[in-house]
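Structural overview for review
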Amino acid sequence: MTTQSNTPAGWYPDPHGAAQTLRYWDGAQWTEHTNPAQQAAGQVPQQPAAHIPPQPQGPDAKVQRQVQKQAGVQGGGPGGGTLFTEPVLVVNQKAKLIELTNEYKVMDQNGRELGSVTQVGQSALKKILRFVSSLDQFMTHKLEIRDAHGQPQLLLTRPAKIFKSRVIVSRPDGAPIGEIVQKNMIGKINFAMMVNGQQVGAIKAENWRAWNFAIVDHADNEVARITKTWEGLAKTLFTTADNYVLQIHYQLPEPLLSLVVATALTVDTALKQDARGWG
């Protein structure tokens, strides 16, 4: 069932994949209300008391502190409530003692969830190699950027590599958007954002550890910034979780906007994961 605005409110098969489950569509978006799909003949599931989705929760103090105190981002301004219309994106990797797949939550500056990023197409062999060594860093990796309803928005593919990384950014239907290409291996790491063979921007590390990046357009004007934030002593010592804040200075045109949004995930997949060495 498509999730377009002209779809009437009602109960439909759960788009999140829950078996034998109906989820209520309020005419604008999916709600949290569900019912078993197997109903008596002619029986209509009872509609929730409220015909509108629950109101967003208040600001998350922890996320606000991450944005304002740790990343130094003040007053990002109101956004449009989507991955592509918010001035600040908070990207937090899910903490795992043993990391076999990359998973991230994407929020706005107040902690409201906007989407997620999940590694897809990973075989059992890759998971085994990741568990026992770091050889998986040389293999192909694919990540899906999904919106708050779980619908794919962008696909990131990092082909198998030996030294320099390259990430291909495309639409869910496979239509190409551009590429993010690592330019050097020594010193402050830089990436070029390429579209149809032309450079439309660049990602420049501000230190040799490549934790903070300035993102510039084709004229070398800064349009966005990525700041790595400290995840806490326990996570630093015992997990592989990384947290980032992406600040976009103003509304960008396409395809630069999609490449900048993809960049917040690319730097972690292409750089941090490669920094693990040989196990």
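Before reading further, recall that the structure is shown in the block above.
Below is a summary of the structure that appears in this document.

1. Remarks on the overall build of the chain
Looking only at helices and strands, one finds 4 helices and 15 strands in the chain. Going through the 279 residues of the chain one by one, you find that 45% of them count as buried. Long-range pairs, those at least 24 residues apart, make up 41% of the contacts in the chain between residues at least 6 apart in sequence.

2. Re helix α1 (residues 61–70)
Those residues of α1 that fall on the buried side of the exposure criterion are V63, Q66 and V67. Down the axis of α1, the buried set is contained in an arc of 85°. They therefore lie on one face. For α1, exposure combined with an orientation more than 90 degrees from the buried face picks out A61, K62 and K69. Turning to α1, the residues buried within the fold contact β4 (88–93), β5 (103–107), β14 (222–229) and β15 (243–248). The opening residue of α1, the one whose side-chain oxygen lies 2.9 Å from the backbone nitrogen of K62, is D60. Two residues or fewer past α1, G72 is found with a positive phi of approximately 70°.

3. Observations concerning the sheet that holds strand β7 (residues 141–147)
As summarised here, the arrangement of the 12 strands in space is β4-β5-β6-β7-β8-β9-β10-β11-β12-β13-β14-β15, forming a closed barrel in which the pairing is antiparallel. When strand polarity is set aside, the average angle formed by the axes of neighbouring strands in this sheet is 20°. Strand direction decides the pairing type here: β7 and strand β8 (residues 152–158), joined by 6 bridges, are antiparallel. Directly across from L143, in β8, lies its bridge partner L156. Relative to β4, α1 is tilted by about 115°, and along the sheet it contacts β4, β5, β14 and β15.

4. Regarding the nonpolar core
V169, I215, L246 and V260 are the most contacted members of the largest nonpolar core, which has 39 residues in total. With 8 residues, helix α4 (residues 256–272) is the single largest residue contributor to this core. For V169, the residues in contact, after removing those within four places along its chain, are L154, L155, L156, P176, I177, G178, I180, L259 and A262. One finds V63, V67, V73 and V90 within the second-largest nonpolar core, a separate group that totals 8 residues.

5. Here's the deal with the pattern of salt bridges
Under the criterion given, the structure shown has 7 salt bridges. Where R225 meets E206, a salt bridge forms, and the shortest distance between an N and an O atom there is 2.5 Å. Of this pair, R225 sits in strand β14 while E206 is found in the loop between β12 (198–205) and β13 (213–217), placing the two residues 19 residues apart along the sequence. Looking at E206, the relative accessible area reads 35%, which means it is partly exposed. In this structure, a network of salt bridges that share partners links the residues E206, E222 and R225.

6. A look at the sheet that holds strand β1 (residues 10–13)
Sheet architecture is open: 3 strands sit in the order β1-β2-β3, paired in antiparallel fashion. Because the sheet does not close on itself, it has two edges, and the strands there are β1 and β3 (30–36). On average, each strand axis in the sheet is inclined to that of its neighbour by 40°, with strand direction left out of account. Bridging between β1 and strand β2 (residues 21–25) involves 4 bridges; their strand directions are antiparallel. Within β2, the residue paired with Y12 across the bridge is R23.

7. Side note on the environment of L256
The topology assignment puts L256 in helix α4. Distance in space between the C-alpha atoms of L256 and V195 is 8.8 Å, their sequence separation being 61 residues. In this view, L256 contacts M193, V200 and D217; residues no more than four positions away in its chain are not counted.

8. Let's talk about the pairing of strand β9 (residues 166–170)
Looking along a regular strand, one sees the side chains alternate between the two faces of the sheet. Judged from the 3 bridges that link them, β8 and β9 form a sheet pairing that is antiparallel. Following the sheet pairing, L156 is matched in β9 by V169. As judged from the 5 bridges shared by β9 and strand β10 (residues 176–182), these two strands associate in the antiparallel manner. In the strand pairing of β10, S170 is matched with P176. In this antiparallel pair of consecutive strands, β9 and β10, the connection spans 5 residues, and G174 shows a positive phi of 95°.

9. Some details on unusual backbone geometry
Here the bond from E254 into P255 is cis, since omega is 5°, no more than 30 degrees from zero. The backbone of D220 sits at a positive phi, close to 70°, despite the residue not being glycine. On the secondary structure map, D220 appears in the loop between β13 and β14. A residue is classified by how much of its surface remains accessible, and D220, at 46% relative accessible area, is partly exposed.

Analysis parameters
Residues numbered from 1 in each chain as written. Predicted model: local features only at pLDDT ≥ 70, side-chain atom pairs only at ≥ 80, totals over all residues. Heavy atoms only, no water. Helix = DSSP H or I, 4+ residues; strand = E, 2+ residues; numbered from the N terminus. Buried < 20%, exposed > 50% of the residue type's maximum accessible area, 1.4 Å probe, protein only. Contact = heavy atoms within 4.5 Å. Arc of directions from axis to C-beta. Polar contact = N/O pair within 3.5 Å; in protein donor to acceptor, adjacent residues only side chain to side chain. Pairing = 2+ DSSP bridges. Axes fitted to C-alpha atoms, helices over the stretch in contact; angles between N-to-C directions. Core = buried A, V, L, I, M, F, W, Y, C linked by side-chain atoms within 4.5 Å. Salt bridge = Lys/Arg side-chain N within 4 Å of Asp/Glu carboxyl O.

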